[in-house]
Amino acid sequence: MHPNMEEKQHIGQLFDRIAGTYDGLNHGLSLNIDRLWRRKTVALMQPSQHVLDVAIGTADLTIEMFRRHKAEQVTGIDLSDQMMAIGQKKITNHHGSADRQKLQITNVKFVHANAQSMPFEDASFDAVTCAFGCRNFSNLDEGLREMYRVLKPGGQVTILEFSYPSNRLVRACYDIYFTRVLPLIGRIVSRDKTAYTYLNKSVKSFCWGEAFVQHLHDAGFSNEHFTPLTFGIATIYTAIK
Ligand SMILES: C[S@@+](CC[C@H](N)C(=O)[O-])C[C@H]1O[C@@H](n2cnc3c(N)ncnc32)[C@H](O)[C@@H]1O
């Protein structure tokens, strides 16, 4: 049940295929809890001038950063141009929306790049974030080492990722939802056979909690903390360079 390397190698194409339905399915299948998770993630960030949002996707985390005044400028990287195109559109449309007076999102740059070899100088960013991206890296340690490299000393990395609940009852419900309900709805709505079975496989075979913290530590980070959310279905990790 491990997502094979080939799936991860073509991860940009997988997300290109489901980009059009990604936001709707995310919010629908999680009953909007994903919005709360991103809000909580941003709440744990220090206000920063220039943030790197790794695996920015459709830019939900970035938009939340501006909403909470945690970033002046964001550079987002991703392997899926379609996901970033939707993110760009959301930001552009935002300028015409009713709350444009309250929220100015003017300073976001989208870059097609791999998290495991980033096209940035050492110590380029005041903070680094990544929501639901790390699980997809073909090599997690390479990705974390790159985050460490491009972060300024003293800067914080904030990562939101799925995890596997420890409570047996929650685990049982989670297994049914992730192996039966979610792939079925995902397949019908996104019309993609593999994307939502991949989600389940990638969560189960990924590390979480103390094990993830160890990877952060090995990448060079210190002062690592983790906060499980909603019975441990997702977890926020923070650490300092
Ligand atoms: C589940 S989406 C998360 C998007 C967004 N951060 C969010 O919170 O909705 C995962 C994203 O990671 C991107 N991704 C996966 N592996 C990547 C890598 N090695 N480098 C850059 N982006 C990657 C995918 O293309 C996809 O857009």
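All values reported here derive from a predicted model rather than from experimental measurement.

Asker: If you had to explain the site of the ligand to someone new, which residues and values would you point to?
Answerer: Near the ligand there are 19 residues, and of these Tyr22, Ala55, Asp78, Ala115 and Ala131 occur at the shortest range. At 2.9 Å from a nitrogen atom of the ligand is found a main-chain nitrogen or oxygen belonging to Ala131. Taking 590 Å² as the accessible area of the ligand by itself, protein coverage stands at 98%. The element that contributes the greatest number of residues to the shell around the ligand is helix 2 (residues 11-29), accounting for 3 residues. For the shell around the ligand, the residue count by class is 12 nonpolar, 5 polar and 2 charged.

Asker: Would you mind going over the state of the cysteines in detail, with residue names and values included?
Answerer: Simply put, disulfide is the name for a covalent bond between the sulfur atoms of two cysteines. Summed over the entire model, instances satisfying the criterion amount to 0 disulfides. A disulfide-free cysteine, Cys134 has its sulfur positioned 3.9 Å from the sulfur of Cys130, the nearest such atom.

Asker: Residues and numbers for the packing of helix 6 (residues 140-150) against helix 9 (residues 210-218), please.
Answerer: Following both chains from N to C, one finds helix 6 and helix 9 inclined at 55 degrees, their axes separated by 9 Å at the closest point. When the axes of helix 6 and helix 9 are compared, the pair comes out oblique. The hand of the helix 6/helix 9 crossing is right-handed. Contacts between helix 6 and helix 9 pair Leu140, Asp141 and Leu144 from the former with Phe212, His215 and Leu216 from the latter. Of the residues that constitute the contact of helix 6 with helix 9, the class distribution is 4 nonpolar, 1 polar and 1 charged.

Asker: Before we move on, could you go through the nonpolar core and cite the residues and values that matter?
Answerer: Judged by nonpolar contacts, the single largest core of 34 residues is most densely connected at Trp37, Met65, Leu160 and Phe162. Broken down by element, this core gets its largest block of residues, 4 residues, from helix 4 (residues 60-67). Ignoring any residue separated from it by four or fewer positions in sequence, one finds Phe162 in contact with Trp37, Phe132, Arg135, Phe178, Leu199, Val203, Ile233 and Ala234. Listed in part, the 29 residues of the second largest apolar core include Phe125, Phe137, Cys207 and Phe212.

The rules we used
- Residues numbered from 1 in each chain as written.
- Predicted model: local features only at pLDDT ≥ 70, side-chain atom pairs only at ≥ 80, totals over all residues.
- Heavy atoms only, no water.
- Near = heavy atom within 4 Å.
- Polar contact = N/O pair within 3.5 Å; in protein donor to acceptor, adjacent residues only side chain to side chain.
- Areas by Shrake-Rupley, 256 points an atom, 1.4 Å probe, with all protein chains shown as cover.
- Helix = DSSP H or I, 4+ residues; strand = E, 2+ residues; numbered from the N terminus.
- Nonpolar A, V, L, I, M, F, W, Y, C, P; charged D, E, K, R; others polar.
- Disulfide = S-S within 2.5 Å.
- Axes fitted to C-alpha atoms, helices over the stretch in contact; angles between N-to-C directions.
- Parallel < 35°, antiparallel > 145°, perpendicular 65-115°, else oblique.
- Left-handed = near helix turned anticlockwise from the far one by under 90°.
- Contact = heavy atoms within 4.5 Å.
- Core = buried A, V, L, I, M, F, W, Y, C linked by side-chain atoms within 4.5 Å.
- Buried < 20%, exposed > 50% of the residue type's maximum accessible area, 1.4 Å probe, protein only.

Any link to function would need more than the numbers given here.
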